[in-house]
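Understanding the architecture of this molecule
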2 protein chains.
Amino acid sequence: MDVRNLCLGILTLGDATGYEIKKAFQDRLNLLYDASFGSIYPALNKLTEEKLVSCRAETQTKRPDKKVYSITEAGKAAFIKELQKDPLPDKFRSDTLATMIFTHFLSRDQITRMLDEYIQYYEENINALSTGCDLKGSPAEQFLCGFGVAVRSAAINYLKENRHLIEAEAQQVDTAAE
Amino acid sequence: MDVRNLCLGILTLGDATGYEIKKAFQDRLNLLYDASFGSIYPALNKLTEEKLVSCRAETQTKRPDKKVYSITEAGKAAFIKELQKDPLPDKFRSDTLATMIFTHFLSRDQITRMLDEYIQYYEENINALSTGCDLKGSPAEQFLCGFGVAVRSAAINYLKENRHLIEAEAQQVDTAAE
DNA sequence: CTGTGCATGTAAATCGTTACATGATTGC
DNA sequence: GCAATCATGTAACGATTTACATGCACAG
C-alpha cells in the first residue's frame, strides 16, 4: 500500500481535497502511515489521469481555490482489488532501540535521559490515539486505536520494569572507570 | 542512524566482512533494522575512503576473497559522536493495519484469514527473538529482545481478545446482504 | 543436480521527504 | 505582529531496495 492507494482508500470514505487527505493521514492513519504534500498531490494528479478519481474545482472568495476529489467506480474497483493482495510485512525502525545496543558507549545519565524521553514519547503517542479515537470513528478505527494503545502500554511497562538492566550496567562501567 | 553508521557500530563489536555485517543486521538488529548488500557494500567503501574503517584482504583458496573491515580510532570517535545525537522518532508502517481500516470492503473470511496470518506473523517474530537471544548477547541485547517479545505478546493478546469487534461487523454486513 | 551458504559489487528503479514558491485569513 | 490554518504544487535530493553479474563448495 503506497500513498497512491491510500489516497484512493481515504476517498472511499468521502470526497476530499488534497489538504484534507493529508489530515486524514494524520487522524485516521495516525502513527500508522504519514504522507507529505509532496507525495499526495502528485498521486492525486496521477489518479485523475487514470480516471480512478474525478476532480471538481471549487472557487473560493477568501481562500485559494480548492480541488475536491471523488473516487470513481473504476477507482473503487481498483482499490478493492488492491485490498485483496497479501499485505506486506510490517516495517519498524527505531533509532532509539538501535542506539541501545551500544549503551556501553554512553554514560548512565545519557541512558537515563534516553529512556525517559522514549517513555514520554510513547505516552504522547497514547494520548494522541486516545483523544483521536474516543467516540468518533468506525469500529475498525476503534479497534486499531485500541491496538496502538495496547502495544504502546506494553512497551512503557516493559521499559519501566526493565530499564534497570541497562542502567545498572552503565553504573558498573562508571564505577570501574573511577 | 543510517546503514553507514550502523556498519560502524557493528564494527565496534569486532572485525567483520560485509557479508558478516549483513548477518549481524539479521541477528543483533533483528526486526529493528535490515539492510541489503546493495547498501552495505557501498557504505563500507565510503567508510574506507574516509579512513573510518580499515580493510585487509584475505585470500581464500576455496572461497572468493574476503575483505575484513576493522574500525579505526577515528571511526570509533565518529560513531560515539553519532550516538550523542538525539535519536530520530520511530518509524512504523503496517500494511495489514492500514488494510483493516477498510475491512468493510472485505468478506468475513478474508478478515479472519488476515487476522490469523497477522497473529502467526507475530508469533514467528517472537520465536525468532527468543531463539536468537537466549543466553547469548550482551545485557543490552537481552533487554532489547525482551522488549520485542513484550510488545509482540501484547499485540497478539489484543488481537485475540478483540478480533471479534471487526469480525462481528463483517458478519452483520454479510447478513444484511442476504 | 539443486538449493543454500559463502563472497563482492554495480546500476537502475522505487518511493518518499524536504525545501522552495505563493498567498490570504484568523486567532493570540 | 506572528504563528497557525487553509490551499496547491514542483524540483531536487535522499536512502534503500531490487535486479543483475559472477562463481565455487557442500549437503541432501
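Definitions and limits used
Residues numbered from 1 in each chain as written. Chains lettered and ligands numbered in written order. Predicted model: local features only at pLDDT ≥ 70, side-chain atom pairs only at ≥ 80, totals over all residues. Heavy atoms only, no water. Helix = DSSP H or I, 4+ residues; strand = E, 2+ residues; numbered from the N terminus. Buried < 20%, exposed > 50% of the residue type's maximum accessible area, 1.4 Å probe, protein only. Polar contact = N/O pair within 3.5 Å; in protein donor to acceptor, adjacent residues only side chain to side chain. Contact = heavy atoms within 4.5 Å. Near = heavy atom within 4 Å. Nonpolar A, V, L, I, M, F, W, Y, C, P; charged D, E, K, R; others polar. Least-squares fit on C-alpha atoms with pLDDT ≥ 70 in both. Buried area = accessible area lost by both parts, 1.4 Å probe. Salt bridge = Lys/Arg side-chain N within 4 Å of Asp/Glu carboxyl O. Pairing = 2+ DSSP bridges. Domains from an automatic or database assignment.

**Here's the deal with the side chain of glutamate 141 of chain A**
The residue glutamate 141 of chain A is located in helix α7 (residues 139–177) in this model. Note on glutamate 141 of chain A: relative accessible area 12%, which makes it buried. At 3.1 Å, the side chain of glutamate 141 of chain A forms a polar contact with the side chain of arginine 28 of chain A. Excluding residues within four positions of it along the chain, glutamate 141 of chain A makes contact with Arg28 and Cys133 of chain A together with Ile101 of chain B.

**Some words on the protein's contact with DNA strand C**
Around DNA strand C, a shell composed of 25 residues is seen, among which Tyr33 and Ser36 of chain A together with Arg63, Lys66 and Lys67 of chain B lie nearest. The contact atoms of DNA strand C, taken as those within 4 Å of the protein, divide so that sugar and phosphate hold 64%. A distance of 3.0 Å is found between a phosphate oxygen of DNA strand C and a backbone nitrogen or oxygen belonging to tyrosine 19 of chain B. A distance of 2.2 Å separates a phosphate oxygen of DNA strand C from a polar side-chain atom of lysine 67 of chain B. Within the residue set of the surface near DNA strand C, elements represented by two or more residues are α3 (37–49) of chain A together with α2 (18–27), α3 (37–49) and β2 (66–71) of chain B. When the residues that make up the surface near DNA strand C are grouped by side-chain class, the tally is eight nonpolar, seven polar and ten charged.

**Overview of the relation of the copies chain A and chain B**
For the pair chain A and chain B, the relating rotation is 180°, the translation along its axis is 0.0 Å, and the fit reaches an RMSD of 0.1 Å. The symmetry that links the two subunits is that of a two-fold axis. Looking at the rotation axis and the C-alpha trace of chain A, the residue lying nearest is phenylalanine 92 of chain A, at 2.2 Å. Taken as a fraction of all interface residues of chain A, those also at the interface in chain B reach 100%, which identifies the copy contact as same-surface.

**What about the protein's contact with DNA strand D?**
The full set close to DNA strand D counts 25 residues, and Tyr41, Lys66 and Lys67 of chain A together with Tyr33 and Ser36 of chain B are the nearest of them. Here a phosphate oxygen of DNA strand D and a side-chain polar atom of tyrosine 19 of chain A are 3.0 Å apart. A distance of 3.3 Å separates a phosphate oxygen of DNA strand D from a polar side-chain atom of serine 39 of chain B. Taken together, the elements giving at least two residues each to the surface near DNA strand D come down to α2 (18–27), α3 and β2 (66–71) of chain A together with α3 of chain B. Looking at the surface near DNA strand D residue by residue, the class counts come to eight nonpolar, seven polar and ten charged.

**Describing the environment of leucine 115 of chain B**
Relative to the helices and strands, leucine 115 of chain B is located in helix α6 (residues 108–133). Distance in space between the C-alpha atoms of leucine 115 of chain B and threonine 96 of chain B is 8.7 Å, their sequence separation being 19 residues. Dropping the residues within four chain positions of it, leucine 115 of chain B is found in contact with Phe143 of chain A together with Met100, Leu159, Arg163, Ile166 and Glu167 of chain B.

**Details of the interface of chain A and chain B**
Contacts between the two partners involve 61 residues from chain A and, on the opposite side, 61 residues from chain B. Interface area lost by chain A to chain B is led by Asp90, Arg93 and Phe143 of chain A, which between them contribute 14%. Applying the counting rule to chain A against chain B returns zero salt bridges. Listed by contribution, the elements that provide at least two residues to the side of chain A that touches chain B are α1 (3–12), α4 (73–84), β3 (91–93), α5 (95–100), α6 (108–133) and α7 of chain A. Per-element accounting of the side of chain A that touches chain B gives the leading share, 19 residues, to α7 of chain A. Residues that form the side of chain A that touches chain B fall into these classes: 39 nonpolar, twelve polar and ten charged. Pairing of β3 of chain A with strand β3 (residues 91–93) of chain B involves three bridges; the strand directions are antiparallel.

**Points about the domain arrangement of chain A**
All names here are of chain A. Looking at chain A, the domain boundaries give domain 1 (3–84) and domain 2 (95–177). Contact with domain 1, which involves four residues of that partner, is made by six residues of domain 2. Here domain 1 meets domain 2 over a buried area of about 460 Å², counting both sides, of which 51% is carbon and sulfur. For the domain 1 face of the interface with domain 2, the top three residues by lost area are Arg28, Asn30 and Leu31, together amounting to 80%. Applying the counting criterion to the domain 1 and domain 2 interface returns one salt bridge. Put simply, arginine 28 and glutamate 141 hold a salt bridge, and the shortest N to O gap is 3.1 Å. Tallied by class, the residues present in the side of domain 1 that touches domain 2 amount to two nonpolar, one polar and one charged.

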